[in-house]
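This is what each chain is made of:
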Amino acid sequence: MPAIGLQLYTLKNVLEDRPATLARIADLGVTSVEPFRLGRSELNRAARLAEARSLKADIDAAGLTVSSTHARLPDAEDPGWFFEEMAEAGVPIAIASTPEALPGFTRDALVSADGVGRYADRLNALAEAAAAHGLRVGYHNHDWEWTPIEDGRYGYDVLWDALDPSVVAEVDLYWAQTAGQVPAEVVARLGERVELVHVKDGPAVRGEPQVAAGQGSVALADALDAGRDSIRVHIIEADGIAEGADIFDLVGESVAWLKERPGGERDRRLPV
């Protein structure tokens with residue numbers, strides 16, 4: 001059964017005491033985490049490695065594991081520093097959280113067939129380099145990838161046709177529905193590529209507050225069922241919540257929904 005994860009961006013406003021925060025989410029039933037802000041090329045090597053080791057130590061101390069990370073990815077021609085950092089942090093999969101996570105690309109990278117082709121070529125080259133280091137790369141969607149391109153297809157779908165099978169699909173179910181897609185159909189089309197999903201809920205309207213899983217309008221259960229043969233981690237996330245709401249309540253209620261829904265989770269840890 002999939003593990004229950006948490007994208008640490010969800011806790012961006014309460015991470016000042018990272019060890020205590022990680023211990024608290026472990027107590028709520030989270031078993032793995034997905035960090036963010038790794039791959040910061042503006043830091044020197046020593047600073048990057050020191051932060052990676054500190055992060056890993058805090059995660060280990062809380063009894064958690066790392067499913068993946070959102071990161072600023074390197075150029076495929078010179079990725080060594082990045083893979084070194086990923087190894088220190090214990091990260092198996094580095095995810096491009098937006099198109100501009102790859103150097104040289106902007107948010108509109110997938111709005112033309114040419115842009116999609118260039119992006120896929122770059123991500124494929126990085127995937128090949130990562131494999132030599134025992135790592136993988138992946139892509140995480142928002143809502144803007146579902147833009148029709150020249151042949152009438154969506155940039156998101158054309159991208160996956162062009163990507164190497166080793167590239168992991170991390171489907172954000174909330175943003176898929178916000179884009180007017182049916183999340184279960186997105187997951188089903190991508191099949192075994194979908195190892196990770198972002199489980200978040202709300203009105204599926206950009207800029208509106210999000211809520212605990214199962215309390216909004218996103219068709220989460222159908223999507224999780226569609227990916228039951230491939231998804232390894234259900235990653236809870238919220239980009240923003242209502243004023244006065246408690247983010248730890250959202251995490252706890254989302255964990256409970258994942259465990260209690262029909263066909264729900266068995267609480268287990270990812271292999272180290």
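Going by the structure above, here's the rest.
Described in the following lines is the structure provided in the data block. (Residues numbered from 1 in each chain as written. Predicted model: local features only at pLDDT ≥ 70, side-chain atom pairs only at ≥ 80, totals over all residues. Heavy atoms only, no water.)

## So, the overall build of the chain
As a reminder of what qualifies: Helix numbers and strand numbers start at the N terminus; a helix is a DSSP run of H or I with at least 4 residues, a strand a run of E with at least 2. We compute the radius of gyration from the C-alpha atoms alone; for a globule the expected value is 2.2 Å times N to the 0.38, where N is the number of residues. For this analysis, residues touch if any pair of their heavy atoms sits within 4.5 Å. Accessible areas in this description were obtained via Shrake-Rupley with a 1.4 Å probe; residue shielding takes into account the shown protein chains only. Only four residue types enter the charge count: Lys and Arg as positive, Asp and Glu as negative, with His and the chain ends excluded. Each charge is placed at NZ for Lys, CZ for Arg, CG for Asp and CD for Glu.
Of the regular secondary structure elements, the chain holds nine helices and nine strands. In terms of overall dimensions, the chain is globule-like: its C-alpha atoms have a radius of gyration of 18 Å, near the 19 Å expected for 272 residues. In terms of overall dimensions, the chain has a C-alpha envelope of 45 × 45 × 35 Å along the principal axes. Put simply, of all contacts in the chain between residues at least 6 apart along the chain, 76% involve residues at least 24 apart. Carbon and sulfur atoms form 49% of the exposed surface of the chain, whose accessible area is close to 11,400 Å². The positive charge centre, built from 26 side chains, and the negative charge centre, built from 45, are 4 Å apart in the chain.

## Here's the deal with the pairing of strand S1 (residues 3-7)
Note the following rule: The classification of residues rests on relative accessible area computed with a 1.4 Å probe and restricted to protein chains. Under 20% of the type maximum is buried, over 50% is exposed, and intermediate values are partly exposed. By the convention used here, strands pair only if DSSP detects at least 2 bridges between them. Looking down the strands as they point away from you, a crossover is right-handed if its path from the first strand over the helix to the second goes clockwise.
Most of S1 sits out of view: five of its five residues are buried. The two faces of S1 match: Ala-3, Gly-5 and Gln-7 on one face and Ile-4 and Leu-6 on the other face are all buried. Pairing of S1 with strand S9 (residues 233-236), which is carried by four bridges, proceeds in the parallel orientation. The partner of Gly-5 across the bridge, within S9, is Ile-235. Direction of pairing for S1 relative to strand S2 (residues 32-34): parallel, over a ladder of three bridges. In the sheet register, Gln-7 faces S2, and the bridge partner there is Glu-34. Regarding topology, helix H1 (residues 18-27) serves as the crossover connection from S1 to the parallel S2, and that connection is right-handed.

## Comments concerning empty space enclosed by the protein
We count it as follows: A 1.4 Å probe that fits but cannot get out identifies a cavity on a 1 Å grid over protein atoms alone, an open set with protein on both sides within 12 Å along at least five of seven lines counts as a pocket, and a residue lines either if it has an atom within 4 Å of a point. Grid points are joined across faces, edges and corners, and a volume is the space filled by probe spheres set on the points. The nonpolar class holds Ala, Val, Leu, Ile, Met, Phe, Trp, Tyr, Cys and Pro. Asp, Glu, Lys and Arg form the charged class, and all remaining residues, Gly among them, are polar.
Here the structure, examined in full by the defined rule, presents one cavity of 30 Å³ or more. Of the volumes computed, that of the largest cavity is approximately 40 Å³. Together, Arg-37, Leu-38, Gly-39, Arg-40, Leu-43, Arg-48, Glu-51 and Glu-85 line the largest cavity. Looking at the lining of the largest cavity residue by residue, the class counts come to two nonpolar, one polar and five charged.

## What to know about helix H7 (residues 183-190)
Rule in force here: Each C-beta atom gives one direction from the helix axis, and the arc is the one those directions make.
Buried within H7 are the following residues: Pro-183, Ala-184, Val-186, Val-187 and Leu-190. The buried residues of H7 all sit within an arc of 160° when viewed along its axis, so they share a single face. As for H7, its buried residues are in contact with helix H5 (155-162), strand S7 (168-172), helix H6 (173-178), strand S8 (194-199) and helix H8 (220-226). The first or second residue beyond H7 is Gly-191, which carries a positive phi of 60°.

## Side note on the side chain of His-198
Let me state the cut-off plainly: Nitrogen and oxygen atoms within 3.5 Å of one another constitute a polar contact, given that in protein one can donate a hydrogen and the other can accept it, and given that sequence-neighbouring residues count only through two side-chain atoms.
Assignment of secondary structure puts His-198 in strand S8. Within polar-contact distance, the side chain of His-198 engages the side chain of Asp-172 at 3.4 Å. Setting aside chain neighbours within four positions, we find His-198 in contact with Gln-7, Glu-34, His-70, His-140, Glu-170, Val-171, Asp-172, Leu-173, Ile-235 and Glu-237.

## Considering the layout of surface pockets
The volume enclosed by the largest pocket comes to roughly 350 Å³. Grouping the amino acids of the lining of the largest pocket by side-chain chemistry returns six nonpolar, five polar and seven charged.

## Quick look at the environment of Arg-122
Summarising the element assignment, Arg-122 is placed in helix H4 (residues 113-131). Taking the C-alpha atoms as reference, Arg-122 lies 7.1 Å from Ala-76; in sequence the two are 46 residues apart. Other than its neighbours up to four places away in sequence, Arg-122 contacts Asp-75, Leu-102, Pro-103 and Phe-105.

## As for the packing of H4 against H5
Where we set the bar: Axis lines are fitted through C-alpha atoms, for helices just across the contact stretch, and the angle between N-to-C directions can take any value from 0 to 180 degrees. Each angle is binned into one of four classes, with values under 35 degrees roughly parallel, values over 145 roughly antiparallel, values of 65 to 115 roughly perpendicular, and all other values oblique. Helix crossings are classified by the rotation of the near helix relative to the far one: an anticlockwise turn of less than a right angle makes the crossing left-handed, while a clockwise turn makes it right-handed.
Direction vectors running N to C along H4 and H5 enclose 40°, while the axes themselves pass 9 Å from each other. One element, H4, and the other, H5, form an angle in the oblique class. For the element pair H4 and H5, the recorded crossing hand is right-handed. Seen from H4, the contacting residues are Val-116, Tyr-119, Ala-120 and Asn-124; seen from H5, they are Gly-155, Val-158, Leu-159 and Ala-162.

## Side note on the sheet that holds S9
The nine strands are arranged S3-S2-S1-S9-S8-S7-S6-S5-S4 in an open sheet whose pairing can be described as parallel. Either end of the sheet is taken by a strand with one partner, and the two such strands are strand S3 (65-66) and strand S4 (69-70). Both S7 and S8 contribute to a ladder of four bridges, which runs parallel. Each bridged residue has a counterpart across the sheet, and for Asp-172 the counterpart in S8 is His-198. The sheet contacts of helix H9 (residues 247-260) involve S1, S8 and S9, and relative to S9 the element is tilted by about 150°.

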